[in-house]
Amino acid sequence: MSELKVTDLTVKFAGITALDHVGFTVEPGSIHAIIGPNGAGKSTCFNVLSGVYKATSGSVRFGGAELTRMPPHKIAALGVARTFQNIALSRFQSVEDNVMLGRHRLMRAGFLSTGLHLPHARREDARHRARVREIARFVGVAEYLDAPVGMLPYGVQKRVELARALAMEPKLLLLDEPVAGMNGGERRAMAEVIVAARADLGISILLVEHDMGMVMRLADQVTVLDFGRKIASGPPAQVQNDPEVIRAYLGEQAVQQQDGVVMAKGAPGQAQAGVREGALPQGAPEASGEQS
Ligand SMILES: Nc1ncnc2c1ncn2[C@@H]1O[C@H](COP(=O)(O)OP(=O)(O)OP(=O)(O)O)[C@@H](O)[C@H]1O
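What you are looking at is a predicted structure, and each value in this text was computed from that prediction instead of being measured.

On to the domain arrangement of the protein, then. How big an interface is tends to be stated in terms of accessible area lost as the parts join. If you check the domain split of the protein, you get domain 1 (1-79 + 170-292) and domain 2 (91-168). Opposite the 13 residues of domain 1 that make contact, domain 2 presents 11 residues. Going through the elements one at a time, α2 (72-77) and α7 (184-201) are the ones with two or more residues in the side of domain 1 that touches domain 2. No other element matches α7, which puts 5 residues into the side of domain 1 that touches domain 2. Here the residues of the side of domain 1 that touches domain 2 sort into 10 nonpolar, 2 polar and 1 charged.

Put into structure tokens, the structure is as follows:
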């Protein structure tokens, strides 16, 4: 099994250092979360890992391969699959056809022989469609296989996206805010699928998520970014009590006020000026059911 090792990763855009010598390791078969307030560099990190952005310096190694100079399709071919913050599916195609797109790199029959319905291409297509149906059952979308994706509820579409990523038979899955915009029930269903993907398929998972209840419940390890720098890392229980992390989320005042309890000032439910999105709850709560 391959580990993902990120070392000294730096990404600069004109005038902005989005990632500043960031390092972390995703152990094989683990769930690792990257968290941090808005603009911390989480998406930039994902975009480098999947080949969308080029690193300014540093290294990303997956197994024996250096990913930083590889195009996205080569990284995918090594077994790294990702989902996106905003759903990236073909709305007019069926669930089955969308998930089949994930299998393309695994198919040997060319476009022409598939189009001409040659026997070997037909057999291969049937084999892949059978696997697609298995994966659809695994993520709980089997009943929607024939439906156009655009007709389905948002939570189901997010699971279809996960199914398409799993259809690539990845070793490492990058999930960019997998429960964003979902209601409580949808979040719990998604969390169950993520846990099952690790347990049943042995996949390593790297997760960016603003739902801290979910992160604290699912992740084995958490890396915290703020303004492009890694400010903390470790198991969830350790990270959520780290003063640097509390300061990043709630500001200096909160650190001075808090004595074991992290709270923002102001009326309940009212955001404090300067408090950044993704407030960090104490304890290890169940999946929150609330959107951060
Ligand atoms: N393509 C780009 N060009 C210029 N600046 C960028 C680009 N992508 C990201 N940035 C900047 O890099 C910094 C990190 O942004 P990034 O989107 O990675 O943060 P994030 O932690 O994912 O935030 P959010 O939680 O809001 O999605 C921000 O200052 C952002 O404006």
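Here we take up the sheet that holds strand β1 (residues 4-13). Pairing is antiparallel in the open sheet, where 4 strands are placed in the order β2-β1-β4-β5. The open sheet is flanked by β2 (16-26) and β5 (65-66), the only strands paired with a single partner. Note that β1 and β2 share 7 bridges and pair antiparallel. Across the sheet, residue Lys12 finds its bridge partner in β2, namely Thr17.

Calculation notes
Residues numbered from 1 in each chain as written. Predicted model: local features only at pLDDT ≥ 70, side-chain atom pairs only at ≥ 80, totals over all residues. Domains from an automatic or database assignment. Contact = placed C-beta atoms within 7 Å. Helix = DSSP H or I, 4+ residues; strand = E, 2+ residues; numbered from the N terminus. Nonpolar A, V, L, I, M, F, W, Y, C, P; charged D, E, K, R; others polar. Pairing = 2+ DSSP bridges.

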